[in-house]
Amino acid sequence: MNGARFPRTLGIESSCDETAVAVIDADGRVETHLLASQVAAHAPFGGVVPELASREHLKALPLLVPPALESASGEIELVAVTAGPGLVGALLVGLRFAAAFAWARRLPLVAVDHLQGHLVSPFLALDGAPARPMPERVLALVASGGHSSWYLMGPGGTAERLGRTRDDAAGETFDKVAQVLGLPYPGGPVVDRLARRGDAGAVPLPRPRIKDAPFDFSFSGLKSAAIRWIRAQGLQGAGAGEDVPRPVYDLLASFERAVVDQLLRPLPELARLHRPEMVTVSGGVAANSLLRRRLEEAGGDLGIEVVLPPPALTTDNAAMIARAGQLAWARGERQDPRRFDARPSTKWQPPGMRRNR
Ligand code: KG4
Ligand code: ZN
């Protein structure tokens, strides 16, 4: 598909607590990229409330779509929407909206897997440049609040999962450790900032392995060890005040290093087995500065090009959904807007995606 021109695409994302709308042009250039965050609406409840998420999406979509269309430089020719995985009510709001829009305008409609969206985000730019061409073989790490997996991406954006977390996702562990320390939600960006001031060798933490599954990860033992250490030192809630005690910085630096070690451990062997031309990382945790630096170093050691997404496209957005939609369209995928349902479970496998591991 490299070098091919695609239909101008409206992307819609509503799988969790972020309503996102974007338009990308025939070359995958991001023309508009709008977000309505629901963090404030869910904050009083200490987590995402599914019914509230659906209602917020219902309010936000009619407000975001008209300005997105106005700032596009031409007519929409394709509609791409996240069909799963995610909260079923939240997904249904986005996909009914997308289906109605496509039906009313007689436009083709494609269903996108949220993970396929993250996987293509490193190939997008926010400076008006077209989407980068995708090589034949890309090793891709997705690390977010809900997922941590390695994939092999093939021509045209198809993806096969090679390894995955057996318990928590990487972002979830950052959020949980931050919560015990009394730091604000989401924890990842705060941990990233505070860890820069700590000694990553100060607190010994385990890096558990999964027997007979060298490409899978586990984070729950590491998370529990960090929380036990925080409690043993009497540091619960210690990150909340003005004067954060020194051991908090050290714990966060040590914890961040252990998470990054776990995420990157499969890379050399996966690279040897699959001989990729490129390595990427995507998802919210792809904003982490240590992970970005360590991946660049690993790519340098292995002689493989590393491509990182623009920081603003690491978290959930609709530009990535529009791009994954263009690639799915080019593979011939289409949805009938009258018979189109959400696929909230990760068991759904769209034609371009294999999760056999
Ligand atoms: O991709 P995303 O926006 O939503 C999901 O699909 O889950 O990822 C959100 C996750 C949160 O757990 C957040 O703490 C984490 O990404 N995150 C980070 C950083 N920025 C966001 N984790 C580590 N370092 C960061 N700089
Ligand atoms: Zn996501």
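These numbers were taken from a predicted model, which means no experiment stands behind them. (Residues numbered from 1 in each chain as written. Chains lettered and ligands numbered in written order. Predicted model: local features only at pLDDT ≥ 70, side-chain atom pairs only at ≥ 80, totals over all residues. Heavy atoms only, no water.)

1. Examining the domain arrangement of the protein chain
Parsing the protein chain into structural domains produces domain 1 (1-126 + 315-357) and domain 2 (159-307). Here domain 1 and domain 2 have C-alpha centroids that lie 28 Å from each other. Each partner contributes to the interface: domain 1 provides 12 residues, whereas domain 2 provides 16 residues. Both faces combined, the contact of domain 1 with domain 2 buries some 1200 Å², and carbon together with sulfur accounts for 51% of it. (Domains from an automatic or database assignment. Contact = heavy atoms within 4.5 Å. Buried area = accessible area lost by both parts, 1.4 Å probe.)

2. Regarding the packing of aromatic side chains
Per the stated rule, a full pass over the model turns up 2 aromatic pairs. Note on Phe 217 and Phe 219: the rings are 5.7 Å apart at their centroids and 40° apart in plane angle, and the pair reads as tilted. Classification of Phe 219 by relative accessible area gives buried; the value is 0%. When the ring centre of Trp 103 is taken as origin, the NZ or CZ atom of Arg 106, which lies over that ring, is 4.6 Å away. (Phe/Tyr/Trp six-rings, centres within 6.5 Å; stacked < 30°, edge-to-face > 60°. Buried < 20%, exposed > 50% of the residue type's maximum accessible area, 1.4 Å probe, protein only. Lys NZ or Arg CZ within 6 Å of the ring centre and 35° of its normal.)

3. A closer look at the sheet that holds strand S2 (residues 18-24)
Read from one edge of the open sheet, 5 strands run S3-S2-S1-S4-S5, paired in mixed fashion. Here the strands that pair on one side only, and so sit at the sheet edges, are strand S3 (30-37) and strand S5 (109-113). Ignoring which end each strand starts from, the neighbouring axes of this sheet average 20° apart. Summarising the sheet, strand S1 (residues 9-13) and S2 pair through 5 bridges and their orientation is antiparallel. Bridge assignment links Gly 11 to a residue of S2, and that residue is Ala 22. Strands S1, S2 and S3 of the sheet are contacted by helix H2 (residues 50-71), whose axis makes an angle of about 20° with S2. (Pairing = 2+ DSSP bridges. Helix = DSSP H or I, 4+ residues; strand = E, 2+ residues; numbered from the N terminus. Axes fitted to C-alpha atoms, helices over the stretch in contact; angles between N-to-C directions.)

4. So, the packing of helix H7 (residues 220-232) against helix H8 (residues 246-264)
Viewed as axis vectors pointing N to C, H7 and H8 meet at an angle of 170°, and their least axial separation amounts to 11 Å. By the angle between their axes, H7 is roughly antiparallel relative to H8. Contacts between H7 and H8 involve Leu 222, Lys 223, Ala 226, Trp 229 and Ile 230 from the first element and Pro 247, Leu 251, Phe 255, Ala 258, Val 259 and Gln 262 from the second. Residue classes in the contact of H7 with H8 are distributed as 9 nonpolar, 1 polar and 1 charged. (Parallel < 35°, antiparallel > 145°, perpendicular 65-115°, else oblique. Nonpolar A, V, L, I, M, F, W, Y, C, P; charged D, E, K, R; others polar.)

5. Side note on the coordination of the zinc ion (ligand 2)
Looking at the zinc ion (ligand 2), one finds its protein donor set to be His 114 (NE2), His 118 (NE2) and Asp 316 (OD), positioned 2.1 to 2.2 Å from the metal centre. Each donor residue of the zinc ion (ligand 2) lies on the same chain, and together they follow the pattern H-x3-H-x197-D. Here Asp 316 lies in the loop between strand S10 (305-307) and helix H11 (319-330) and His 114 lies in helix H4 (residues 114-120), a separation of 202 residues in the sequence. No difference in accessibility class separates His 114 from Asp 316, as the two residues are buried. (Donors = N, O, S within 2.8 Å, 3.2 Å for Na, K, Ca; no water.)

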